Amino acid sequence: MASQVTANARRGSSFLRIAIAVQTLTIFLQAVSAGLLLTSSYGETLHSVGARVMYGASMLYVLAAVLAWKPGGGSPQPVLHASGFLVLASVQVVSGIAHVPSVHLPLGVLMFGLSVLAAARRRGAAEGSAGIDRAVFSRR
């Protein structure tokens, strides 16, 4: 039973790390498409499609956080972080549609930084738990 809970926690944690990585990548690609928006005729289309993908990635992050928490037995804290990020993504989309660059651009930079931070924290947590697992197994 305990091994199944540990396996579920690992799967949930892996899915959470993947979701954060996808989110971080989509936000970075949004910065690239924003540059194209200023310099090419197809930039607006790429940025618009990218916004939808980024928003979907933010929803995937929430789903992954819930799955890592409830069935996986992890901490509920990532759910709060993911939900807060979804709120930021919503403000980002609204400010982009409303053409308010004074909010849209700095918020995009903030979101990228927070997403990189979340990825780094997840990686650190995974390495820390792997170290604990190795220590437990090495005593046997």
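Quick caveat: nothing in here was measured; it's all calculated off a predicted structure.

Conventions adopted
Residues numbered from 1 in each chain as written. Predicted model: local features only at pLDDT ≥ 70, side-chain atom pairs only at ≥ 80, totals over all residues. Heavy atoms only, no water. Core = buried A, V, L, I, M, F, W, Y, C linked by side-chain atoms within 4.5 Å. Buried < 20%, exposed > 50% of the residue type's maximum accessible area, 1.4 Å probe, protein only. Helix = DSSP H or I, 4+ residues; strand = E, 2+ residues; numbered from the N terminus. Contact = heavy atoms within 4.5 Å. Expected span 1.5 Å × (residues − 1). pLDDT = per-residue confidence, 0-100. Axes fitted to C-alpha atoms, helices over the stretch in contact; angles between N-to-C directions. Parallel < 35°, antiparallel > 145°, perpendicular 65-115°, else oblique. Left-handed = near helix turned anticlockwise from the far one by under 90°. Nonpolar A, V, L, I, M, F, W, Y, C, P; charged D, E, K, R; others polar.

Draft legend 1. How the structure looks around the nonpolar core. Membership of the largest hydrophobic core comes to 17 residues, with the highest contact counts inside it found for Leu16, Tyr61 and Met111. With six residues, the top contributor of residues to this core is helix H2 (residues 43-69). Aside from chain neighbours lying at most four places away, what touches Met111 is Ile27, Met54, Phe85, Leu88, Ala89 and Gln92.

Draft legend 2. Seen up close, H2. The end-to-end C-alpha distance of H2, which contains 27 residues, comes to 38 Å, matching closely the 39 Å that a straight helix rising 1.5 Å per residue would cover. Along H2, the positions that sit buried rather than exposed are Gly43, His47, Gly50, Met54, Ala57, Ser58, Tyr61, Val62, Ala64, Ala65 and Ala68.

Draft legend 3. Representation of the environment of Ile27 in the model. Mapped onto the elements, Ile27 comes out in helix H1 (residues 2-39). When its relative accessible area of 8% is taken as the criterion, Ile27 is described as buried. Separated by 81 residues in the primary sequence, Ile27 and Gly108 place their C-alpha atoms 7.5 Å from one another. With residues near it in sequence (within four places) discarded, Ile27 still touches Met54, Phe85, Gly108, Met111, Phe112 and Ser115.

Draft legend 4. Molecular detail of the confidence of the model for the protein. When pLDDT is averaged across the protein, the result is 86; 80% of the residues are at 70 or more. Scored below 50 in pLDDT, residues 130-140 makes two contacts in the model with residues more than four places away or belonging to other chains.

Draft legend 5. Representation of the packing of H2 against helix H3 (residues 77-97). Taken N-terminus to C-terminus, the directions of H2 and H3 make an angle of 165°; their axes are 8 Å apart at the nearest point. Relative to H3, the element H2 lies roughly antiparallel. For the crossing formed where H2 meets H3, the hand is left-handed. Residues Met54, Tyr55, Ser58, Met59, Tyr61, Val62, Ala65, Val66 and Trp69 of H2 touch H3, and the partners they reach there are Pro78, Val79, His81, Ala82, Ser83, Phe85, Leu86, Ala89, Ser90, Gln92 and Val93. Class assignment of the residues belonging to the contact of H2 with H3 gives a composition of 15 nonpolar, five polar and no charged.

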